[in-house]
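The primary structure of each chain is shown beneath.
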Amino acid sequence: MKPSIRIFDTTLRDGEQAPGCSMDLNEKLEVARHLERLKVDVIEAGFAIASPGDFESISAIAREIKDCTVASLARTTEKDIDAAYEAVRHAASPLIHTFISTSPVHMRYMMKMTPEQVLERTAAMVAYAAKKCPDVEFSAQDATRSDPEFLIQVFGTAIKNGATIINVPDTVGYTTPEEMSRLISTLRERVSGIDKTVISVHCHDDLGMAVANSLAAVTAGATQVECTVNGIGERAGNAALEEIVMALNTRKDYFKASSRVDTTQIYRTSKLVYSIIGVAAPPNKSIVGTGAFSHESGIHQHGVLSEPTTYEIMTPESIGLSENKLVLGKHSGRHAFADRIKTLGFSLSEEEINERFIEFKKLCDNMKSVSDDDIVALITNKIAANDSHYKLNRFEVFTSNEARGTCVMSLVYNDEIIEDVALGHGPIDAAYNAIDKLVVAPHRTLEDYSIHSVSEGKDALGEVVVKIKSGETTYTGRGLSTNIIESSVLAYINGINKILKRGDMGAKARDI
Ligand code: KIV
Ligand code: ZN
């Protein structure tokens, strides 16, 4: 068996950078806790210089996470590297990840630098980072469209100046498995000092080959793979963590390599990330889609019933998808509830458990039984809840199939009750118009509204997810209730509070 493959998770940096995937501090912290439980090797927690909010989230993650390296991205400038180090310096294992473009097109049109200048900057800034932090990763952005001879020089320079990890990004998802394998072999043969360095790959999925390219790199000798949970990321996304890890695990015979990831935490982590970004898993998504382990055709069902391995190459249990989901109800006590929360992968304080237990009991008054999915929704919804600005006090809606909807909305703002009334095409439009009349928040556009039932039955919890665009960022608002108009109202208020919170923290600087 080859040495273990390091899993470098960039959900909170490259993943969060994608439109509609932005997360706030509490959400990022919860994802980081799940990643630690999943046992990834590195958590890239953000891009410290991008905004005060990013900086604060990276520092909070660095202070709390003990069992993973915590990294911050930085361009090759002193200001970026200083911010990155400041953000990660309290981590048990800090890492500065610095990058510069090396392809002709990037150097000419983006960087406006000559190859010689890129080499000089690499040497100076890697050395600068290495003086601050024992572990420095250097990435050659757009490596797969760079001249391999130039890459050999750049990586050699980075290693000479203290890089402990060199990363080969397929930034625009352009390469093929064979090309990637050849590139890694060439670098291994020709870059001086590479034998003492971790060789990393970072693949995007524009042509649907991110996972294949990453695995081809592993077969050629790469020892770190950068990936994101559910493959979220810029444009078509990044290589999906769950696919990389389960491929290594299922095909040990072929890859002769393994990761230290606890695969039984995959399903939970995937669900948390989908629920935070307010997107449902595509049913046919590899590993974590709802259909990934269900067998529809009679022939397949017959086969699986006689012997699961006829059509199943992995077990649902191996990713933590348990068949025996426990159902709780109004007779369940606090102990059973607390136990379930722990089994579902959350570690809440006693006080948080007590608060969630009160909500659980209220839920039991409206629902016959409460499933695992309801409990996860209850907890993740609370993580997303952000009552720092506006809170719902009460509302009344009047709706009919013949007249316009009317809503009287009452919110709490700075301990004061504010009220207004509005008309709309239906009850939700009326409620949103009333909220718009009440809140003072930056210009925004409701881009998307979706509703789904968390579990089954007429009494199910309805979860509403709204996507609200303000400036360059799309914010996700979520609301949960057995009353779907209330879920809609809560989701809209949640989204608006996130816009205001991000405004307080300073918006992400998109031009860097
Ligand atoms: O895709 C890319 O090139 C990146 C680098 C910053 C590593 O995300
Ligand atoms: Zn990337």
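Up top you'll find the structure we're talking about.
Anyway, here's the lowdown on the structure attached to this text. If you're wondering where the values come from, they're calculated on a predicted model, not measured in any experiment.

Reading guide: rules and limits
- Residues numbered from 1 in each chain as written.
- Chains lettered and ligands numbered in written order.
- Predicted model: local features only at pLDDT ≥ 70, side-chain atom pairs only at ≥ 80, totals over all residues.
- Heavy atoms only, no water.
- Near = heavy atom within 4 Å.
- Polar contact = N/O pair within 3.5 Å; in protein donor to acceptor, adjacent residues only side chain to side chain.
- Areas by Shrake-Rupley, 256 points an atom, 1.4 Å probe, with all protein chains shown as cover.
- Buried < 20%, exposed > 50% of the residue type's maximum accessible area, 1.4 Å probe, protein only.
- Helix = DSSP H or I, 4+ residues; strand = E, 2+ residues; numbered from the N terminus.
- Pairing = 2+ DSSP bridges.
- Right-handed = clockwise from strand over helix to strand, strands pointing away.
- Phe/Tyr/Trp six-rings, centres within 6.5 Å; stacked < 30°, edge-to-face > 60°.
- Donors = N, O, S within 2.8 Å, 3.2 Å for Na, K, Ca; no water.

Some remarks on the site of ligand 1
Here's step 1: Inspection of the region around ligand 1 gives R13, D14, H97, F99, S139, Q141, N167, P169, T171, H202 and H204 as its neighbouring residues.
Here's step 2: The contact in question runs from an oxygen atom of ligand 1 to an N or O atom on the side chain of R13, over 2.9 Å.
Here's step 3: Side-chain polar atom of H202 to an oxygen atom of ligand 1: 3.1 Å apart, as the coordinates give it.
Here's step 4: Protein chains shield 96% of the accessible area of ligand 1, which is 260 Å² for the free molecule.

Overview of helix 10 (residues 241-250)
Here's step 1: Among the ten residues that make up helix 10, seven are buried, leaving the element largely enclosed by the rest of the structure.
Here's step 2: Regarding helix 10, the residues found buried are L241, E242, I244, V245, M246, A247 and L248.

Quick notes on the pairing of strand 6 (residues 165-170)
Here's step 1: With six of six residues buried, strand 6 lies mostly within the body of the structure.
Here's step 2: Alternating positions in strand 6 separate into two faces, I165, N167 and P169 on one and I166, V168 and D170 on the other, with burial throughout.
Here's step 3: Pairing between strand 5 (residues 136-141) and strand 6: three bridges, direction parallel. Within the sheet, the bridge partner assigned to S139 lies in strand 6 and is N167.
Here's step 4: Taken together, strand 5, helix 7 (residues 148-160) and strand 6 form a β-α-β motif whose crossover is right-handed.
Here's step 5: Where strand 6 lies against strand 7 (residues 198-203), six bridges are found, and the strand directions are parallel. Bridging from a neighbouring strand, V168 pairs with V201 of strand 7.

Some words on the packing of aromatic side chains
Here's step 1: This model, assessed by the stated rule, comprises eight aromatic pairs.
Here's step 2: Centroid distance F138 to F155: 6.0 Å. Interplanar angle 80°. Geometry classified as edge-to-face. Residue F138 is located in strand 5, and its partner F155 is located in helix 7; the two are separated by 17 residues in the primary sequence.
Here's step 3: Taking the centre distance of 4.7 Å and the plane angle of 25° together, the rings of F337 and F360 count as stacked. Pair noted here: F337 is in helix 14 (residues 334-343) and F360 is in helix 15 (residues 350-366), with a separation of 23 residues, a long-range link.
Here's step 4: By relative accessible area, F360 is classed as buried at 0%.
Here's step 5: Chaining the aromatic ring pairs together yields one cluster made of F337, F357 and F360.

Structural notes on the coordination of the zinc ion (ligand 2)
Here's step 1: Bound to the zinc ion (ligand 2) are the protein donor atoms D14 (OD), H202 (NE2) and H204 (NE2), situated 2.0 to 2.1 Å from the metal.
Here's step 2: Considered as a linear motif, the donors of the zinc ion (ligand 2) on their single chain read D-x187-H-x1-H. You can see D14 sitting in helix 1 (residues 11-15) and its partner H204 sitting in the loop between strand 7 and helix 9 (210-219), a full 190 residues away along the chain. Residue D14 shares its accessibility class with H204, and that shared class is buried.

Note that every value here comes from positions in space, so none of it alone points to a role or purpose.
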